[in-house]
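Residue-level structural notes
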Amino acid sequence: MNNLQHMSTKIAKLRRSSSMTQEELGRHLSVSAQAVSKWENGDSLPDLPLIVKLAETFGCSTDYLLGHEGGLTSLIPQIRETFHQLELTDRIEFLGQLITLTEGPASALPVRSDGHPSLVHIHLGPAGLGAWAKDRLVCIASPTFLEEAVETLRSEPGFPLNLLSDEVRLVLLHLLRDIDDLKPEYAVDEEMLREQLPDSIHLDEILTECIELGFVDRVRGGYRLNFRADLTVRLLVMIHQIINKQGSMNVTVGNS
């Protein structure tokens, strides 16, 4: 595809995604709607100053419009330079948008929040875990890291899950779903739980305790962690892994 076709396709796509008519875009750029139509039909190219204005209007790079795409890695220098000029809240907002992009539209558990801009938004799915708040935090963990953290705690109990009794901890870990199989109807029946847990555990009593603590829901087909408990367990195992594997992680504490 030549530069003319590249640009015509992208201008039309960007204009439509911005819900702008050809007339509106033309007015914004001080050109006629006919000029915009010619660009989108591949009959002509906008002048260089207009290409710059188009990039500013649509929030993209001139390279993108011209079809000079080197992959996301080529954008890192520009992102780094711009990122460090942003206010902290804008940095977190940007990282939050990246978190949501890691998952496709078929996410089993969508972004969760109560609508207030300062509350924590949560993204959990096959691409990993993301939690962020506009003015407070960003937390990103890959599925590999989460799986490793859970497996570590299965065999090596430690802070912070040792704040719970061993029996409760084991039940919670056995009810924790695979991150690539987050089905809303997920449940583990009692017989399966009994087979997976040591005979010494009084399962009826532990399940009752978990339900009273607000961790576990009894549903048709058995028992499952509710969303808050599911997220809490994953965050706790992340804390455990961060504390015990500092040498293999990048951890930033304090103002950036």
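All values reported here derive from a predicted model rather than from experimental measurement.

Points about the overall build of the chain
- Scanning the chain from N- to C-terminus turns up 12 helices and six strands.
- Evaluated residue by residue, the chain yields a buried proportion of 36% over its 256 residues.
- Pairs at least 24 apart in sequence give 55% of the contacts found in the chain among residues at least 6 apart.
- Carbon and sulfur atoms form 52% of the exposed surface of the chain, whose accessible area is close to 15600 Å².

Some thoughts on the confidence of the model for the chain
- Across the chain, the average pLDDT comes to 77, with 77% of residues at 70 or higher.
- Mean pLDDT across the elements of the chain ranges from a minimum in strand 1 (residues 109-112), with 46, to a maximum in helix 2 (residues 22-29), with 93.
- Confidence over residues 246-256 falls short of pLDDT 50; this stretch has six contacts with residues more than four positions distant or in other chains.

Concerning the pairing of strand 6 (residues 222-225)
- Two strands pair when backbone bridges link them, and strand 5 (residues 216-219) and strand 6 are joined in this way by four bridges, in the antiparallel orientation. The residue bridging Val-219 from the neighbouring strand is Gly-222, located in strand 6.
- If you look at the hairpin formed by strand 5 and strand 6, you'll find two residues sitting between the two strands, and Gly-221 has a positive phi there, around 105 degrees.

Observations regarding the side chain of Asn-226
- Within the secondary structure, Asn-226 is located in the loop between strand 6 and helix 12 (227-244).
- Owing to a relative accessible area of 15%, Asn-226 belongs among the buried residues under this scheme.
- A polar side-chain atom of Asn-226 sits 2.8 Å from the main-chain amide nitrogen of Ala-229.
- With near-sequence residues (within four places) excluded, Asn-226 lies in contact with Gly-214, Phe-215, Val-216 and Asp-217.

Quick notes on the pattern of salt bridges
- Inspection of the entire model under this criterion finds four salt bridges.
- Close ionic contact of Arg-194 with Glu-190 constitutes a salt bridge, the shortest N to O distance being 2.7 Å. With a gap of four residues between them, Arg-194 and Glu-190 both fall in helix 10 (residues 190-196), about one helical turn apart.
- Taken together, the salt bridges that share partners define one network made up of Glu-190, Arg-194 and Asp-204.

Observations regarding the packing of aromatic side chains
- Evaluated as defined, the whole model comprises zero aromatic pairs.
- For the cation-ring pair, Lys-10 lies above Tyr-64, with the distance from its terminal atom to the ring centre recorded as 4.3 Å.

Digging into the side chain of Arg-234
- For Arg-234, the location among the structural elements is in helix 12.
- Looking at Arg-234, the relative accessible area reads 3%, which means it is buried.
- With sequence-adjacent residues up to four places away left out, Arg-234 is seen in contact with Leu-124, Leu-129, Leu-146, Leu-176, Arg-177, Ile-179 and Leu-182.

Looking at unusual backbone geometry
- With a phi angle near 55 degrees, Ser-19 is a residue other than glycine that sits in the positive phi range.
- Position of Ser-19 among the secondary structure elements: in the loop between helix 1 (3-17) and helix 2.
- Looking at Ser-19, the relative accessible area reads 64%, which means it is exposed.
- Although it is not a glycine, Ser-30 adopts a positive phi angle of roughly 60 degrees.

So, the packing of helix 9 (residues 166-175) against helix 11 (residues 203-213)
- Relative orientation of the contacting elements helix 9 and helix 11 amounts to 80 degrees, with a least axis distance of 10 Å. It follows that helix 9 is roughly perpendicular to helix 11 by the angle criterion. Contact with helix 9, carried on its side by Glu-167, Val-168, Val-171 and Leu-172, involves Leu-203, Ile-206, Leu-207, Glu-209 and Cys-210 of helix 11 and no other residues of that element.
- Partitioning the contact of helix 9 with helix 11 into residue classes produces seven nonpolar, no polar and two charged.

The rules we used
Residues numbered from 1 in each chain as written. Predicted model: local features only at pLDDT ≥ 70, side-chain atom pairs only at ≥ 80, totals over all residues. Heavy atoms only, no water. Helix = DSSP H or I, 4+ residues; strand = E, 2+ residues; numbered from the N terminus. Buried < 20%, exposed > 50% of the residue type's maximum accessible area, 1.4 Å probe, protein only. Contact = heavy atoms within 4.5 Å. Areas by Shrake-Rupley, 256 points an atom, 1.4 Å probe, with all protein chains shown as cover. pLDDT = per-residue confidence, 0-100. Pairing = 2+ DSSP bridges. Polar contact = N/O pair within 3.5 Å; in protein donor to acceptor, adjacent residues only side chain to side chain. Salt bridge = Lys/Arg side-chain N within 4 Å of Asp/Glu carboxyl O. Phe/Tyr/Trp six-rings, centres within 6.5 Å; stacked < 30°, edge-to-face > 60°. Lys NZ or Arg CZ within 6 Å of the ring centre and 35° of its normal. Axes fitted to C-alpha atoms, helices over the stretch in contact; angles between N-to-C directions. Parallel < 35°, antiparallel > 145°, perpendicular 65-115°, else oblique. Nonpolar A, V, L, I, M, F, W, Y, C, P; charged D, E, K, R; others polar.

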